[in-house]
Amino acid sequence: MEYVSRVPRPPLDGLIDDLYYLAGAPPCARLTLPPMPAALLIVNLGAPFRIRAGHDIETAEYADGCVVTTPTRALEFGYPVPTRSVGVHVKPWGLAPFLPMPAADLCDRPVTLEQVWGRPAVAELRDRLATADRPDEMLTLLEEELRRRLCETAGLGLVRRTSSVIAATGGVAAIGDLSEAAGVSSTHLARQFREFVGVTPKRLARTYRFAATVFAIDPAGPIDWGDLAGDAGYFDQAHFGHEFRAFTGLTPTRYVEVRRRFRREHPGHVFDGWPLPAD
């Protein structure tokens, strides 16, 4: 697969981790994306793809693209062959200036891009992207669209500052201390987080801690699960295992087996590190 990414210019870099272009044949028909402390916006330029946001929700098809706020459960993506899209990996609070609704309304329920920006605007954007010559030109077009849509969002600064502390501590910061340091009540802080992130600060902290733990795993070497759990701030290995299954549906050892198999079958693939084969 071809994958091109870059960090946007200020002020978008305070909201967005990177813009990316993805094209080619996916390594698997279905991929599971465990929850990340991030949101996602995709503009689809190929055949429709499918997303299943949990076993209790019907699989939905997305032709124009989709918007995903910070999730609390794994998402299953079904990619067409070939696939082609441009997208944005967004910081947890970063979608708020581009949404016409509270982020909580979209929690674990991806919506089409048309539902967020409207059919005429999305159709025009997709046409411009589809006729661009190169991936870097596509990313420039998408960045310009985001800059044009960027608006001031009152209250976002509080959420951004608090989220940054949660991220810097790997999710182990005490939420009560954070609300006290911010000079607001825990109720107010939770309300603001649901508005702009879609989840409470406590839930975001859980996701940051899990993500930091997963990225600390080296599938190529031996793993001391007790040390890993302790370093991540889990009460004990049982607590760690429970969180791991809640986020991935897998035990930690099964997760590593899947990662190792993927590396053997697709060495050096751009998807190595986070998505997992769902088959």
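Attention here is on the structure that accompanies the text. Treat the numbers as computed from the prediction; the structure is a model and nothing was measured.

The rules behind these values
Residues numbered from 1 in each chain as written. Predicted model: local features only at pLDDT ≥ 70, side-chain atom pairs only at ≥ 80, totals over all residues. Heavy atoms only, no water. Helix = DSSP H or I, 4+ residues; strand = E, 2+ residues; numbered from the N terminus. Buried < 20%, exposed > 50% of the residue type's maximum accessible area, 1.4 Å probe, protein only. Contact = heavy atoms within 4.5 Å. Pairing = 2+ DSSP bridges. Salt bridge = Lys/Arg side-chain N within 4 Å of Asp/Glu carboxyl O. Core = buried A, V, L, I, M, F, W, Y, C linked by side-chain atoms within 4.5 Å. Disulfide = S-S within 2.5 Å. Phe/Tyr/Trp six-rings, centres within 6.5 Å; stacked < 30°, edge-to-face > 60°. Lys NZ or Arg CZ within 6 Å of the ring centre and 35° of its normal. Arc of directions from axis to C-beta.

1. Quick look at the overall build of the protein chain
- A tally of helices and strands in the protein chain yields 10 helices and 11 strands.
- With the C-alpha coordinates of the protein chain rotated into their principal frame, the extents come out at 55 × 50 × 35 Å.
- Evaluated residue by residue, the protein chain yields a buried proportion of 52% over its 279 residues.
- Pairs at least 24 residues apart make up 73% of the contacts formed inside the protein chain by residues separated by at least 6 positions.

2. Comments concerning the sheet that holds strand E11 (residues 276-277)
- Across the sheet, five strands lie side by side as E6-E5-E8-E3-E11; this open sheet has antiparallel pairing. The open sheet terminates on both sides in strands that have one partner only, identified here as strand E6 (60-62) and E11.

3. A closer look at the pattern of salt bridges
- Taken as a whole and assessed by the stated rule, the structure comprises 16 salt bridges.
- The partner of Glu76 in a salt bridge is Arg30, with the nearest N and O atoms 2.9 Å apart. One end of the pair, Glu76, is in strand E8 (residues 75-78); the other, Arg30, is in strand E3 (residues 30-33), and 46 residues separate them in sequence.
- Under the relative-accessibility criterion, Arg30 is labelled partly exposed at 30%.
- Residue Arg259 is joined to Asp272 by a salt bridge in which the shortest nitrogen-to-oxygen separation is 3.5 Å. One end of the pair, Arg259, is in helix H10 (residues 252-265); the other, Asp272, is in the loop between H10 and E11, and 13 residues separate them in sequence.
- Overall, the relative accessible area of 5% leaves Arg259 in the buried class.
- Given the relative accessible area of 26%, Asp272 is considered partly exposed.
- Through salt bridges with shared partners, a single network forms among Glu124, Arg128, Glu145, Arg148 and Arg149.

4. Re the nonpolar core
- The biggest cluster of nonpolar side chains holds 50 residues, and the ones touching the most others in it are Val43, Val67, Val86, Trp117 and Leu146.
- In terms of residues, this core owes the most to one element, helix H3 (residues 135-149), which gives five residues.
- Setting aside its immediate chain neighbours within four residues, Val86 contacts Tyr20, Tyr21, Leu41, Ile42, Val43, Leu45, Leu129, Met138, Leu139 and Leu142.
- By size, the runner-up hydrophobic cluster in this structure holds 18 residues, among which are Ile42, Ala53, Tyr62 and Cys66.

5. Overview of the environment of Leu95
- In this structure, Leu95 sits in the loop between strand E9 (83-90) and strand E10 (111-112).
- Leu95 sits in the buried class, given a relative accessible area of 4%.
- For the pair formed by Leu95 and Leu15, sequence separation is 80 residues and the distance between their alpha carbons is 7.4 Å.
- Once you skip the residues sitting within four places of it in the chain, Leu95 turns out to touch Ala39, Leu40, Leu41, Val67, Val68, Thr69 and Val90.

6. Brief notes about unusual backbone geometry
- Following Pro10, the chain continues into Pro11 via a peptide bond in cis, with omega recorded as 5°.
- Along the polypeptide, Pro11 turns up in the loop between strand E1 (2-6) and strand E2 (16-24).
- Pro82 follows Val81 through a cis peptide bond whose omega is -5°.
- Located in the positive-phi region is Asp108, a residue other than glycine, with phi close to 60°.
- Summarising the element assignment, Asp108 is placed in the loop between E9 and E10.

7. Here we look at the environment of Gly87
- Secondary-structure assignment places Gly87 in strand E9.
- Sequence spacing of Gly87 and Pro11 is 76 residues, and the spatial spacing of their C-alpha atoms is 18 Å.
- The contact partners of Gly87, leaving out residues within four places of it in the chain, are Asp18, Leu19, Tyr20, Leu41, Ile42 and Leu142.

8. Side note on the state of the cysteines
- Following the criterion strictly, the structure yields zero disulfides and no others.
- Cys66 provides the cysteine sulfur closest to Cys107, a residue in no disulfide bond, and the two sulfurs are 15 Å apart.

9. Some words on the packing of aromatic side chains
- The full count for this structure, using the stated rule, is 11 aromatic pairs.
- Here a set of aromatic residues connected by ring pairs shows up, and it is made of Phe210, Trp225, Tyr234, Phe240, Phe244, Phe247 and Tyr255.
- Directly above the aromatic system of Trp117 lies the positively charged group of Arg149, at a separation of 4.2 Å from the ring centroid.
- In this structure, Arg209 packs its charged tip against the face of Tyr234, placed 4.4 Å from the ring centre.

10. Focus on helix H6 (residues 186-196)
- Of the residues making up H6, those classed as buried are Leu189, Ala190, Gln192, Phe193 and Phe196. The arc that holds every buried residue of H6, seen down its axis, measures 160°, which confines them to one face.
- Lining the buried residues of H6 we find helix H4 (156-168), helix H5 (175-182) and helix H7 (201-215).
- Just past H6, the residue Gly198 takes up positive phi, approximately 105°.

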